[in-house]
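One letter stands for each residue in the lines below.
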Amino acid sequence: MTDKEPHKGKGVYIHIPFCLKKCAYCDFASQQLHSHEEVNQYLEALLSEISIRAQGQAYTVYFGGGTPSILPSGQVAVVLQAIRRHMEIKPLIEISMEVNPATVDDSDLVQLKETGINRLSLGLQSTSDFFLNRLGRIHSAQDCKQVFYWARQAGFNNISCDLIYGIPGQTLKDLKEDLQQLVRWSPEHLSMYALHLEPNTPLARLVAQHALPEPDDDTTADMYAWIREFLPTQGYKQYELSNFSKPGYACQHNMMYWQNQEYLGFGSAAHSYSQGVRSWNVQDKEEYVRKIGRKKNATEGREKLGGIRKISEHLMLELRLTRGVKKRQFKDIYGDDWNRNFSQAIEKMKSRGFLAEDRATLKLTPRGMFVSNMVFRELL
Ligand code: SF4
């Protein structure tokens, strides 16, 4: 697999919306699990949706959530069989699953490997018990280490680890200890996410009540700068704003999103993009089950992207990649429109040192990477 060429085939995303407990910072489309019966009902609806909508060739499969690793391996196998029944799956494609360290043991990981899952994205978030506790995670630092070891023992040779930085009270020294510890385990891939305090989360409320210190932007910027400096010295190349990998281990599924390729999402809150149309399912898992049961369709909305909007969305996606936008490719797809419509905003961002341009590419500068959302707003 390569991250250089646009792909034929679609990325397939499977959303599993259940979590054992909501983390203190989370505003994702996930809800606390109450019974296995609700998982079974959800799975039934999911399989029904796959049988109705899945078609074509799958280039990648990704189980995300929520916490997909709460599914027993037998149910994961059934979902993969359903995809295989309705879509062509080439051998050796990337099949990923997000794993919460509190939800699996050594035999679960062996069984998951047997289903065909070949890449794990471990939601570690920190290797410090103090900060795991602050984030409201349900696992310990020892769980992180143990699960990583078990995953290797089970034969997973493509493991990604998520780490959060900019946690209230976290210093640059804390982050250094965290990441230095993690690279010693030598995962193939690292996703480094700056914490955003989402309104109405317990963590944001604690900060608003001054029970926890507000993360300081300058410290978070220093952390990002250090991460970008440190990881290449350890053999990790940054290929996207938050993602670093050893050679050949960029996440193929996410690369499809960033290269504006087509994807099919199944499950509550899942998004799809096909033939210039973006669509999304209802977010509430119970409504999803009801809608699939009654109408065989859980789509909540769709929009056709056209004109300048289509170019600006594509521009923002590819600017996330460190290799930047290939100007020739944009000209081939959109003609001179892309340049004509965005030249003023691009010049403004270049003059402020957030974008850099040469004959072949347009890319974010290191300063621009840290304020990428502001740069993207200018391009909207
Ligand atoms: S495990 Fe992930 S999806 Fe679930 S509550 Fe925590 S952050 Fe949210």
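Residues numbered from 1 in each chain as written. Predicted model: local features only at pLDDT ≥ 70, side-chain atom pairs only at ≥ 80, totals over all residues. Heavy atoms only, no water.

## Points about a negative patch on the surface
Just so we agree on the cut-off: Without a salt bridge and with relative accessible area above 30%, a residue can belong to a patch; like charges are then joined within 9 Å and nonpolar side chains (Val, Leu, Ile, Met, Phe, Trp, Tyr) within 5 Å. Computed with the Shrake-Rupley method and a 1.4 Å probe, the accessible areas treat only the protein chains shown as cover for residues. The working definition used for a salt bridge is a side-chain nitrogen of Lys or Arg within 4 Å of a carboxyl oxygen of Asp or Glu. Charge counting follows a simple rule: Lys and Arg are positive, Asp and Glu are negative, and His as well as the terminal groups are ignored. Where a charge lies is defined by one atom per residue type: Lys uses NZ, Arg uses CZ, Asp uses CG and Glu uses CD. Secondary structure elements follow DSSP: runs of H or I no shorter than four residues count as helices, runs of E no shorter than two count as strands, and numbering proceeds from the N terminus.
Judged by side-chain charge, Glu214, Asp216, Asp217, Asp218 and Asp222 come together as a negatively charged surface patch. Among the secondary structure elements, Asp216 is positioned in the loop between helix 7 (202-208) and helix 8 (217-233).

## Section: the confidence of the model for the chain
Definition in use: A score from 0 to 100, pLDDT tells how confident the predictor is in each residue.
A residue-level look at the chain finds 98% of positions with pLDDT of 70 or above and a mean pLDDT of 94. Two summary scores accompany this predicted model of the complex, namely pTM at 0.95 and ipTM at 0.99.

## Description of the pattern of salt bridges
The line we're drawing: Burial classes: relative accessible area under 20% of the type maximum marks a residue as buried, over 50% as exposed, and values in between as partly exposed (1.4 Å probe, protein chains only).
All chains considered together, the criterion is met by 17 salt bridges. Here Glu38 makes a salt bridge to Lys285, at a shortest N to O gap of 3.3 Å. Residue Glu38 is located in helix 1 (residues 36-53), and its partner Lys285 is located in helix 10 (residues 285-295); the two are separated by 247 residues in the primary sequence. By the burial criterion, Glu38 is buried, and Lys285 matches it. Among the ionic pairs, Glu49 bridges to Arg53, the shortest N-O distance being 2.8 Å. Of this pair, Glu49 and Arg53 both sit in helix 1, 4 residues apart, which is roughly one turn of that helix. When salt bridges with common partners are traced through the structure, they connect Arg278, Glu303, Arg309 and Glu313 into a single cluster.

## Quick look at unusual backbone geometry
Cis geometry is adopted by the peptide bond preceding Gly66, which originates at Gly65 and carries an omega value of 20°. Even without being a glycine, Ser186 presents a positive backbone phi close to 65°. Structurally, the position occupied by Ser186 is in the loop between helix 6 (172-185) and strand 8 (189-194). The exposure class of Ser186 is partly exposed, given its relative accessible area of 27%. In this structure, Asn200 is a non-glycine residue whose phi angle is positive, near 70°.

## Here we look at the nonpolar core
What counts is decided by this rule: Working definition of a nonpolar core: buried Ala, Val, Leu, Ile, Met, Phe, Trp, Tyr and Cys residues. They are joined through side-chain atoms within 4.5 Å. Whether two residues are in contact is decided by their heavy atoms: any pair within 4.5 Å suffices.
In terms of nonpolar packing, the biggest core is built from 90 residues, with Ile14, Ile83, Ile117, Leu179 and Leu231 touching the most fellow members. Residues contacting Leu179, with those up to four places away along its chain left out, are Leu163, Leu190, Met192, Trp226, Ile227, Phe230 and Leu231. Counting residues in each nonpolar core, the second largest holds 12 residues, with Cys23, Ala24, Phe131 and Leu135 among its members.

## Comments concerning the sheet that holds strand 15 (residues 325-326)
Stated formally: When DSSP locates at least two bridges between a pair of strands, those strands are taken to pair. Working convention: axes come from line fits to C-alpha atoms, limited for helices to the stretch in contact. Angles between N-to-C directions cover 0 to 180 degrees.
Here we have 3 strands laid out as an open sheet, ordered 15-17-16, and antiparallel in their pairing. Each having just a single partner strand, strand 15 and strand 16 (355-357) make up the two edges of the open sheet. As judged from the 2 bridges shared by strand 15 and strand 17 (residues 361-364), these two strands associate in the antiparallel manner. Paired with Lys326 across the strands is Thr361, a residue of strand 17. Packed on one face of the sheet, helix 13 (residues 337-351) meets strand 16 and strand 17 and runs near 120° to strand 16.

## Looking at the environment of Ile311
Assignment of secondary structure puts Ile311 in helix 11 (residues 307-319). Residues Ile311 and Ser35, 276 residues apart in the sequence, show an inter-C-alpha distance of 44 Å. With residues near it in sequence (within four places) discarded, Ile311 still touches Phe330, Tyr334, Asp337, Trp338 and Phe342.

## Describing the side chain of Thr127
The condition is simple: Polar contact is the term for a pair of N or O atoms within 3.5 Å; when the atoms are in protein, one must be able to donate a hydrogen and the other to accept it, and sequence-neighboring residues count only if both atoms are side-chain atoms.
Residue placement: Thr127 occurs in the loop between strand 6 (119-125) and helix 4 (129-135). For Thr127, a relative accessible area of 14% translates into the label buried. A distance of 2.3 Å separates a polar atom in the side chain of Thr127 from a polar atom in the side chain of Asp178. Once you skip the residues sitting within four places of it in the chain, Thr127 turns out to touch Ala141, Asp178, Gln181, Leu182 and Trp185.

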